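Secondary and tertiary structure notes
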Amino acid sequence: MILSGRGVTAVLGPTNTGKTHYAIERMVAHETGIIGLPLRLLAREVYTRLVDKVGQHNVALVTGEEKITPHMARYSVCTVEAMPRETRASFVAIDEVQLAGDLERGHIFTDRVLHLRGRDETLLLGAATMKPILEQLLPGIHVVERPRLSQLFYAGSKKITRLPQRTAIVAFSADEVYAIAELIRRQRGGAAVVLGALSPRTRNAQVALYQEGDVEYLVATDAIGMGLNLDVDHVAFAQDRKFDGYQFRNLNPAELAQIAGRAGRHLRDGTFGVTGRVDPFDDELVKRIETHQFDPVRVLQWRTPRFDYSSLVNLRKSLDAPPPIGGLTRALPAVDQQALEHLSRYPDVRDLATTPERVEKLWEACALPDYRRITPAQHADLISTLYADLVKRGTVNEDFMADQVRRADRTDGEIDTLSARIAQIRTWTYVSNRPGWLADPTHWQEKTREIEDRLSDALHERLTKRFVDRRTSVLMKRLRENAMLEAEISVNGDVFVEGHHVGQLAGFRFTLASGTEGPDAKAVQTAAQKALALEFEARAARLHAAGNGDLALGSDGTVRWLGDPVARLTASDHVMRPRVILLSDEQLTGNARDHVAARIERFVNHHIATVLKPLDDLSRAEDLQGLAKGLAFQLVENLGVLFRRDVAEDVKSLDQEARASIRKHGIRFGAYHIFMPALLKPAPAELITLLWALKNDGLDKPGYGDLIPVLAAGRTSVVTDPSFERAFYKLAGFRFLGKRAVRIDILERLADLIRPLLQWKSGTPRPEGAYDGRRFMATTAMLSILGATPDDMEEILKGLGYRADSVKAEEVAAHLAAQAPADAAAAAPAEASAEISDEHDADAAESDNDAPVAAAEASAAPTEAPATESAEAPTEGTVEGEPVEVKPVLLWRPGSRHDNQRQGHRQGGERHGDRQGERQGQGERRGGDRHRGQPAGERGERRDGGRGRPDQAKGRDGKPQGGNRPDRNEHRPDRNDRGGKPQQAKFEARPPRKEKPIDPDSPFAKLAALKEQLKK
């Protein structure tokens, strides 16, 4: 084979040297011409440029899947595979001739370079690395080297999210391309996608999306390195390895430079670098890319152009022929040759391929491209079907083709599904464009083209929907045009800029929508703020005129207007007057802001005054004087609940008139608490808890708001949670008593049940639960009002400061039996005695000298008995004939300091009541006179610190007093001190107390008057 380069010009150089533009200009200078390009996409681009120059009727487009052939067209634009083997055109150009070294397609380029010539001029366009091999194979060739019009610089490594605008990110697998595009969409608004597997129409649409500025980033495979003219400023390599059809390998410097060269167009410089997990390029590689110094191409892929169609065997042998001259190497089997190898083993194919014409037809059928990227065997099966039809029928069976086309004619599904259908329809587009393969090729060319276009448009729409934020793309385009952005606000508070949702206006605060953190964020926010300025004025006027029903205060301290937060509460000097902080942007200013703040403050004050009306009235009361006013102040500061022990001295000092003035405000003096029953409801309790939390930074403390539903459900007691802030129990109206918390008003009812049991005297009718006047037993009525079990009752009484004596059930039964005659004897005057006793008890409970019955700060107590049993329980029982041990009975009594000392000696000082109740520490005990119904925690401080007699306490003048007041102990049985001596003499050592005037408004005074009337 003798080759010549006479009349051939090689225009070589790096990217951006204007080689393709030069070829177009040379071709239109001739009467006829043909140009071959490596990609159908690039062929379409050059075809469009030629049409603009010489008119559509003068230009033909010929590819494997498309033919546009006007009558008497002067110029033809083809893919290299579609170029004719011979031509009479005056001009021939072949672009990207360095692909002659490609393992997969190189032999086709080599054949055209060596054999296809124009009558007057032939141009070979490509990289400078082709110069030595072209001069070797084509003696006499004229080589023109063109320099790059702009420079290329290395920019190092950058994170994907920090890449500059107008960047092309290159990867070599579809999965990696999609993953990068998804990341760019989330971080920077969107990206166009270019893959070799996409149809030309889809790729053109994606490139247009980038070129027109709708997106600032392009994610692509190395397909962009093949002459696509893009406005790219920076190329970033997210991968530097690819699968070349045979193996995974690193890209060589020339391949990297071919792709990096897309950066910078015409006279504008470009940059390249790496991103993702790619290691930075070494200095030598960077230098070679920047200076375009690469290893020359040493051999070209070659396959014989002379096929022997005499038999199937001879055809296969001819394909294995070695190259006749140096500089060429036999190409690896391509897709067509692999298909032939498979088909030659099919008996039915061998039976058909018996003549040279049929062997040539078989080789023509093997040229069907594998667009679907399936296995060689599956691809060979399809070719076998088509070949059988061509031989037996003369054309492809159109019913079979119609069925295959119909399967691909669907636009539903996602990206991968649509890509697979496009690959399938491209196969039938190729079939319809093969001469002589179909009886009605025009119909099928139009049909398959229509379906491919429809599928391509659907794929473009899916790609855009997945990888492009249309809002950001439109805004960026308007910003580049320096256009004023238009904003509007819907009735729901949605803010739109240029018709795209950019954020939400809630109350007086504007929040940007997610995805607006990119370069357009500032402009979007500026445009939105212009519209918000007028909206804020209008909203301020509406809020100023709004009724209280439009505003609401939440449990988190947030004030909402029609559901939108407009303010939050914070602590101030007065717990009932929290401070209001507006939740608004800076655009709310001047009178509008003042009006909003004033309206919200009025609402908050009105809301507190309404929900907490008793407490608010008490804080403003003007009819209280002296100690009564001080007690009211403490109640307001403590939000409606005081432990009686904490104000015992003040309560003792109140006269009947002062008590009456306080009772008028809904305050109840209970045995354990001084409180306002009207506040023990869910709504007041929730607001009280909020006010306390604001004052004490308690909104984030554990248990905040968790007890309000318990109160709303009507629960009288609840199991405590040790992780909760203890103050929340009191604020919700519960008394914390260790393992259980009991509602305050229920505890007062419990005190009313316990009081007569501790005041009962032998010889009078014994109420249920009474034992000996000093101790009592838990009753069903107590359990019922508490909603508690016997075990719970034990915890509650211990928390209140009572102590239990464990007594055998038979001893209790014997004691009660011994008192039965006395009880029967007292039954006759029972009614009259009960009336007198009730009157005395009630008066004692409410009198100014009355001390609380019990306190929650008691000390340890014996816990031998696990539960409380009824005293009337039998002493023994049987279960199926076997004796059952009866549990002991717990007899409860008020605790004393001796219990603390004895328990400390026995158990090393372990505390029980204080840990479960509210420990206050020894020495903080507050006043109150001795009373048999009063546990140790409520008694006054003893002068001798517990070493002397327990009944000797300090009086108001600081002098020791030898015993209890006679009016409080006249029904009390004798008690011995620790020495066992009687204390009867001490009852007479103190003068009788002075009678105080009776409050005429007291319910007990009215009851006494009624009894006097009944006696008359």
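Residues numbered from 1 in each chain as written. Predicted model: local features only at pLDDT ≥ 70, side-chain atom pairs only at ≥ 80, totals over all residues. Heavy atoms only, no water.

1. A few points about the packing of aromatic side chains
Here is the rule: By convention, a stacked pair of Phe, Tyr or Trp rings (six-membered ring in the case of Trp) has centres within 6.5 Å and planes under 30 degrees apart, an edge-to-face pair has planes over 60 apart, and any other such pair is tilted. In this text, helices come from DSSP runs of H or I with a minimum length of four residues, and strands from runs of E with a minimum of two, each type numbered from the N-terminal end. Here the term buried applies to any residue with accessible area under 20% of the maximum for its type, exposed to any over 50%, and partly exposed to those in between, with areas from a 1.4 Å probe on protein chains only. To sit over a ring, a charge needs its Lys NZ or Arg CZ within 6 Å of the ring centre and within 35 degrees of the ring normal.
Applying the stated rule across the entire model yields 16 aromatic pairs. For the pair Phe400 and Trp428, a centre-to-centre distance of 5.8 Å together with 80 degrees between the ring planes defines the contact as edge-to-face. Residue Phe400 is located in helix α14 (residues 398–408), and its partner Trp428 is located in helix α15 (residues 415–432); the two are separated by 28 residues in the primary sequence. Judged by relative accessible area, which is 25%, Phe400 ranks as partly exposed. On the numbers, 6.4 Å between centres and 35 degrees between planes, the contact of Phe724 with Tyr729 is tilted. Chaining the aromatic ring pairs together yields one cluster made of Tyr154, Phe237, Phe272 and Phe281. In this structure, Arg466 is placed above the aromatic ring of Tyr178, and the distance from its NZ or CZ to the ring centre is 5.5 Å. One residue, Arg659, lies across the ring of Phe669, its end atom 5.1 Å from the ring centre.

2. Quick notes on the nonpolar core
Just so we agree on the cut-off: Nonpolar cores were defined as sets of buried Ala, Val, Leu, Ile, Met, Phe, Trp, Tyr and Cys residues, with membership established by side-chain atoms within 4.5 Å. Should any heavy atoms of two residues lie within 4.5 Å, those residues are considered in contact.
Within the largest apolar cluster, 73 residues are counted, with the highest numbers of intra-cluster contacts made by Phe508, Val559, Met576, Ile600 and Leu612. With 8 residues, helix α24 (residues 682–696) is the largest single contributor of residues to this core. Apart from residues no more than four positions distant in its own chain, Phe508 is found in contact with Phe536, Arg539, Ala540, Leu543, Trp561, Val566, Leu583, Ser584, Asp585, Leu588 and Val596. Among the nonpolar cores identified, the runner-up in size contains 64 residues, and Ile169, Leu343, Val391 and Ala458 belong to it.

3. Digging into the sheet that holds strand β28 (residues 668–669)
Which entries qualify depends on this criterion: Two strands make a pair as long as DSSP finds a minimum of two bridges between them. Every axis corresponds to a line fitted to the C-alpha atoms, with the helix fit spanning only the stretch in contact, and the corresponding angles, defined between N-to-C directions, vary from 0 to 180 degrees.
Taken in spatial order, the 3 strands make up an open sheet running β27-β29-β28, and their pairing is antiparallel. Each end of this open sheet is capped by a strand with a single partner; those strands are β27 (641–643) and β28. Here β28 runs beside strand β29 (residues 673–675); their pairing, made up of 2 bridges, is antiparallel. Of the residues in β29, the one forming a bridge with Phe669 is Ile674. Of the strands in this sheet, β27, β28 and β29 touch helix α21 (residues 626–637), which is tilted by about 110 degrees from β27.

4. Remarks on the environment of Ala168
Its place among the elements puts Ala168 in strand β10 (residues 167–170). Separated by 95 residues in the primary sequence, Ala168 and Ala263 place their C-alpha atoms 8.1 Å from one another.

5. A word on the packing of helix α10 (residues 335–343) against helix α12 (residues 356–366)
Selection criterion: Each angle receives one of four descriptions, namely roughly parallel if under 35 degrees, roughly antiparallel if over 145, roughly perpendicular if within 65 to 115, and oblique otherwise. Left-handed describes a crossing whose near helix is turned anticlockwise from the far helix by less than a right angle; the clockwise case is right-handed.
Relative to each other, α10 and α12 sit at 130 degrees, their axes nearing to 8 Å. Here α10 is positioned oblique relative to α12, judged by the angle of their axes. The handedness of the crossing between α10 and α12 comes out as right-handed. Taking contact as the criterion, the partners of Asp336, Gln337, Ala339, Leu340 and Leu343 in α10 are, on α12, Leu362, Trp363 and Cys366.

6. Brief notes about helix α9 (residues 312–319)
The condition that has to hold: This arc is taken over the directions from the axis of the helix to the C-beta atoms.
If you check which residues of α9 are buried, you get Leu312, Leu315, Ser318 and Leu319. Burial along α9 is one-sided: seen end-on, the buried residues are contained in an arc of 120 degrees. Those residues of α9 that are buried lie in contact with β18 (328–330), α10, α11 (347–352) and α12.

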